[in-house]
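Coordinates in review
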Amino acid sequence: MFLVLTSCKNMSKKEYNYPELPPKPPRIKIFWLNDKTANIKIDRTLSYSKDIKCDSVLGVNYIGFSGEHFFYPINEKGKYINTISQTKKLNQNQISRLNKIIGNKKTYKNPNIAACYEPRLAFIYFKNDTVICQTQICLSCNQLHSSAALADGADGNLNNEAVKKITKLHDELGFKEN
């Protein structure tokens, strides 16, 4: 009994150095810019299963989430989000590759997903200087949302092979991590 009491006394005298918790990540303030606008007319009939007819596609590196809410780079009033850090116009080969990845049923077979959904990559489709489609992607949890229909029966949950291909395109565009 004496040993137990003695050992308890010694333990209570010890000071434990617990590691410091990392600081909470800064909360991003999302707002819409008034000085830069776009014509927007989302075409709900567009589908990645069919060829999306567009004049150009703009890749966007941005922060598209705040808490549990997520945002496309351009809102329904045509205002750009303030968190865009980089943009890059895709060439025809890149547009074709992107459309084939998202429009392929195999892209969504055996998905590997997590629950974060923090989109940092988006693609904006233009036709006649008007936004017709926006697609946002979270490469961390392998999910995407789009204003266009995905491959038939797809739910937006990507498999590892698709994420590798989209990550390759992300890097090819010269986008840095946000």
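Located above this text is the structure these notes cover.
The structure contained in this document is the topic of the report that follows. A quick note: this is a predicted structure, and the numbers were derived from the prediction, not measured.

Another aspect to go through is the packing of aromatic side chains. Applying the stated criterion to the full structure yields 3 aromatic pairs. On the basis of an interplanar angle of 80 degrees and a centroid distance of 5.0 Å, the ring pair of Phe70 and Tyr117 is categorised as edge-to-face. You can see Phe70 sitting in strand E5 (residues 69-70) and its partner Tyr117 sitting in the loop between helix H2 (92-103) and strand E8 (121-127), a full 47 residues away along the chain. Take Phe70: its relative accessible area is 37%, and that puts it in the partly exposed class. Overall, Tyr117 belongs to the buried group, its relative accessible area being 10%. Positioned above the aromatic ring of Tyr80 is the side chain of Lys36, whose terminal nitrogen or guanidinium carbon lies 4.6 Å from the ring centre.

Below, the discussion takes up unusual backbone geometry. For Asn110, which is not a glycine, the phi torsion comes out positive at approximately 55 degrees. On the basis of relative accessible area, Asn110 is assigned to the exposed category, the value being 71%. Phi is positive for Tyr117, which is not a glycine, with a value near 35 degrees.

Quick look at helix H3 (residues 160-172) now. Taking 1.5 Å as the rise per residue, H3 with 13 residues should run 18 Å; its terminal C-alpha atoms sit 18 Å apart, in good agreement. Every buried residue of H3 is accounted for by Ala162, Val163, Ile166, Leu169 and His170. For H3, the buried positions fall inside an angular range of 120 degrees around the axis, keeping them on one side. With respect to the buried face of H3, the exposed residues turned more than 90 degrees away are Lys164 and Lys168. Buried residues along H3 sit in contact with strand E3 (56-61), H2, E8 and strand E9 (130-138). Measuring from the backbone nitrogen of Glu161 back to the side-chain oxygen at the start of H3 gives 3.3 Å, which picks out Asn159 as the cap.

Here we take up H2. Here H2 contains 12 residues, and its C-alpha end-to-end distance of 16 Å stays within 8% of the 16 Å for a straight helix at 1.5 Å per residue. One side-chain oxygen of the residue at the start of H2 lies 3.1 Å from the amide nitrogen of Asn93, identifying that residue as Asn91.

On to the pattern of salt bridges. Scanning all chains against the criterion turns up 3 salt bridges. Glu172 serves as the salt-bridge partner of Arg97, at 2.9 Å between the closest nitrogen and oxygen. Highlighted residues: Arg97 in helix H2 and Glu172 in helix H3, separated in sequence by 75 residues. Overall, the relative accessible area of 30% leaves Arg97 in the partly exposed class. The class for Glu172 is partly exposed, based on a relative accessible area of 36%.

Conventions we followed
- Residues numbered from 1 in each chain as written.
- Predicted model: local features only at pLDDT ≥ 70, side-chain atom pairs only at ≥ 80, totals over all residues.
- Heavy atoms only, no water.
- Phe/Tyr/Trp six-rings, centres within 6.5 Å; stacked < 30°, edge-to-face > 60°.
- Helix = DSSP H or I, 4+ residues; strand = E, 2+ residues; numbered from the N terminus.
- Buried < 20%, exposed > 50% of the residue type's maximum accessible area, 1.4 Å probe, protein only.
- Lys NZ or Arg CZ within 6 Å of the ring centre and 35° of its normal.
- Expected span 1.5 Å × (residues − 1).
- Arc of directions from axis to C-beta.
- Contact = heavy atoms within 4.5 Å.
- Polar contact = N/O pair within 3.5 Å; in protein donor to acceptor, adjacent residues only side chain to side chain.
- Salt bridge = Lys/Arg side-chain N within 4 Å of Asp/Glu carboxyl O.

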